[in-house]
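# A closer look at the structure
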Amino acid sequence: MTALEQITAFVRSYPKADILQTFQVDYTDQIPANGGIFPSGLEEIGRKTDLLGNVAVTNQYNFGLYYVFEKAPGDGAGAAVNAGWVMDFQEWVQEQSALGLAPVFGDVPRQEKLTAQNGVLYDAEDEGLATYMVQLSVQFIKIFPTTDPWFM
């Protein structure tokens, strides 16, 4: 399973994800109860080499999650429900990561960290749509064993 498939399955496993009728990759329909994941690639955060020449690389995957909800114009109560859902999702991701229940991407599972942060109202249209965005990041370590014959 690719990293994108793993993270998509994880997001869909959120207990309250059933309010979304569709969840797509690299696309979000502008209709209510819709979501999308937008991968922005792999970023190398750091690199360390041990005495034997093995390399430990700290990587980070970054994703933008967009959620489109219905919101009646001027409806403060609906906005509070939508924002509450986004905040609850962020707390759920934190809990899953802290308890070791999130997907594993690297070679040192206990040091992995999955975060959902900066949940924000991204766009609100007059037609009654509200789009929220959450930044999802996964930090993990990949170990690359030495291939230098002098270290063997």
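Use the structure listed above.
A brief report on the enclosed structure follows. What you see is a predicted model; the values in this text were computed from it and never measured.

## Comments concerning the side chain of Asn34
- Its place among the elements puts Asn34 in strand β2 (residues 34-49).
- Owing to a relative accessible area of 0%, Asn34 belongs among the buried residues under this scheme.
- Side-chain polar atoms of Asn34 contact the side chain of Thr22, separated by 3.1 Å.
- When residues no more than four places from it in sequence are discounted, the contact partners of Asn34 are Leu20, Thr22, Gln24, Thr28, Asp29, Tyr66, Tyr67 and Val68.

## Considering the pairing of strand β3 (residues 55-70)
- Of all 16 residues in β3, 12 are buried, a share of seventy percent or more.
- As judged from the 13 bridges shared by β2 and β3, these two strands associate in the antiparallel manner. Bridge pairing links Asn34 to Val68 in β3.
- Where β2 folds back onto β3 in an antiparallel hairpin, the turn is made up of 5 residues, including Gly53, whose phi is positive at roughly 95°.
- By the bridge criterion, 16 bridges tie β3 to strand β5 (residues 129-144) in an arrangement that is antiparallel.

## Regarding the nonpolar core
- Counting 28 residues, the largest nonpolar core has Ile7, Leu65, Tyr67, Phe89, Val93, Leu114 and Leu136 as the members making the most contacts within it.
- Those elements that place two or more of their residues in this core are α1 (3-12), β3, α2 (76-98), β4 (113-124) and β5.
- Top element by residues in this core is β5. It accounts for 6 residues.

## Digging into the packing of aromatic side chains
- Inspection of the entire model under this criterion finds 18 aromatic pairs.
- Between Phe10 and Trp92, the ring centres sit 4.8 Å apart and the planes meet at 20°, which makes this aromatic pair stacked. Taken as a pair, Phe10 in helix α1 and Trp92 in helix α2 lie far apart in primary sequence, 82 residues in all.
- Given the relative accessible area of 10%, Trp92 is considered buried.
- Taking the centre distance of 4.8 Å and the plane angle of 75° together, the rings of Tyr67 and Trp85 count as edge-to-face. In this pair, Tyr67 sits in strand β3 while Trp85 sits in helix α2, placing the two residues 18 residues apart along the sequence.
- For Trp85, a relative accessible area of 8% translates into the label buried.
- Counting every residue linked through ring pairs, the aromatic cluster contains Phe10, Tyr14, Phe23, Tyr67, Phe69, Trp85, Phe89, Trp92 and Tyr132.

## With respect to unusual backbone geometry
- At Asp26, a residue that is not glycine, the phi angle is positive and equals roughly 60°.
- Within the secondary structure, Asp26 sits in the loop between β1 (22-25) and β2.
- Of note in this structure, Ala33 is not a glycine but carries a positive phi near 65°.
- Among the secondary structure elements, Ala33 is positioned in the loop between β1 and β2.
- In this structure Ala33 comes out as buried when scored by relative accessible area, which is 15%.

## So, the sheet that holds β1
- Sheet architecture is open: 5 strands sit in the order β1-β2-β3-β5-β4, paired in mixed fashion. Because the sheet does not close on itself, it has two edges, and the strands there are β1 and β4. Strand after strand, the sheet turns through a mean of 25° between neighbouring axes, direction not considered.

Quick notes on the rules
- Residues numbered from 1 in each chain as written.
- Predicted model: local features only at pLDDT ≥ 70, side-chain atom pairs only at ≥ 80, totals over all residues.
- Heavy atoms only, no water.
- Helix = DSSP H or I, 4+ residues; strand = E, 2+ residues; numbered from the N terminus.
- Buried < 20%, exposed > 50% of the residue type's maximum accessible area, 1.4 Å probe, protein only.
- Polar contact = N/O pair within 3.5 Å; in protein donor to acceptor, adjacent residues only side chain to side chain.
- Contact = heavy atoms within 4.5 Å.
- Pairing = 2+ DSSP bridges.
- Core = buried A, V, L, I, M, F, W, Y, C linked by side-chain atoms within 4.5 Å.
- Phe/Tyr/Trp six-rings, centres within 6.5 Å; stacked < 30°, edge-to-face > 60°.
- Axes fitted to C-alpha atoms, helices over the stretch in contact; angles between N-to-C directions.

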